[in-house]
Amino acid sequence: MSLQGQIESLTSHLEAAAPPNIPAGLGKLTSVMLTREICDWHRFNNRRAISSYTGLCPGERSSGSKRVPGSVTKRGNPRLRAALVECAWRMVRFQPQYPPVKKRLAVLAKGAKATGAQRKKAIVAVARHLAVDLWRVHTGRLTAQQLGLNIK
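If you're wondering where the values come from, they're calculated on a predicted model, not measured in any experiment.

Chemist: How would you sum up the overall build of the protein? Please name residues and give values.
Modeler: Helix and strand content of the protein: seven helices and two strands. Reading the helices (α) and strands (β) of the protein from amino to carboxyl end gives α-α-α-β-β-α-α-α-α. Expressed along its principal axes, the backbone C-alpha trace of the protein runs to roughly 60 × 40 × 35 Å. Relative to its 152 residues, the protein shows a buried fraction of 36%. Summarising the internal contacts of the protein: among those between residues at least 6 apart in sequence, 54% fall at separations of at least 24. A total of about 9500 Å² of accessible surface is found on the protein, and carbon and sulfur atoms cover 53% of it. Taken together, the 26 basic and 7 acidic charged side chains of the protein have centroids lying 11 Å from each other.

What follows is the structure, encoded as structure tokens:
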């Protein structure tokens, strides 16, 4: 069996393990990959824990009463972070009515007059919200429809 045949076989095997009703734009392979990188969604007690695990939360330098916000920490799982950012871009395309995307659509929309840095900051924010929303769905706190995610 050729390498390409093995890849296709394993891909179809992974896609078969995906849940039947996933949000549009997420993709079966991405859904399975995210779940396998997380291992157990229930191990996170709150939204801050899942945000911190992805490494998409903002850092901070503080001393006394002085606080300086920083860039994202990039701590945690790099494969998960990359998949969430990729998935956030797909949400911009397939689910522009998803509340975190809708809030930043002026920056993220095709043809928007925003700099690359503004777009990157906005997409990281969407990815962080998406991770928290997926945690809420997988732990049964809310349904995808309650979060504004359209199911395909």
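Chemist: Which residues make up the packing of helix H3 (residues 47-54) against helix H7 (residues 116-138), and what are the values?
Modeler: Two elements in contact, H3 and H7, have axes whose closest approach is 9 Å; the angle formed by their N-to-C orientations is 130 degrees. Classified by the angle between their axes, H3 and H7 sit oblique to one another. As for how H3 packs across H7, the hand of that crossing is right-handed. Judged by residue contacts, Arg-47, Ile-50, Ser-51 and Thr-54 of H3 engage Arg-128, Ala-131, Val-132, Trp-135 and Arg-136 from H7.

What counts, and where the lines are drawn
- Throughout, a residue's number is its position along its own chain's written sequence, starting from 1.
- The model is predicted, so local features are restricted to residues of pLDDT at least 70 and side-chain atom pairs to those at 80 or more, both for listing and for counting; the totals for chains, interfaces and linings are taken over all residues.
- The side-chain values count all of the structure's non-hydrogen atoms but skip hydrogen atoms and water molecules.
- Numbering of helices and strands runs from the N terminus; a helix is a DSSP stretch of H or I covering at least four residues, while a strand is a stretch of E covering at least two.
- The buried label goes to any residue with under 20% of its type's maximum accessible area, the exposed label to any with over 50%, and the partly exposed label to all in between, with areas taken from a 1.4 Å probe on protein chains only.
- We call two residues in contact whenever any of their non-hydrogen atoms come within 4.5 Å of each other.
- In short, Shrake-Rupley with a 1.4 Å probe defines the accessible areas, and a residue's cover is counted only from the protein chains shown.
- Neither His nor the chain ends contribute to the count of charged residues, in which Lys and Arg are positive and Asp and Glu negative.
- The location of each charge is read from NZ of Lys, CZ of Arg, CG of Asp or CD of Glu.
- Interaxial angles span 0 to 180 degrees and are taken between N-to-C directions of axes, which are lines fitted to C-alpha atoms, for helices over the stretch in contact.
- Geometric relationships in this document are graded by angle, where less than 35 degrees denotes roughly parallel, more than 145 denotes roughly antiparallel, 65 to 115 denotes roughly perpendicular, and other angles denote oblique.
- Left-handed describes a crossing whose near helix is turned anticlockwise from the far helix by less than a right angle; the clockwise case is right-handed.

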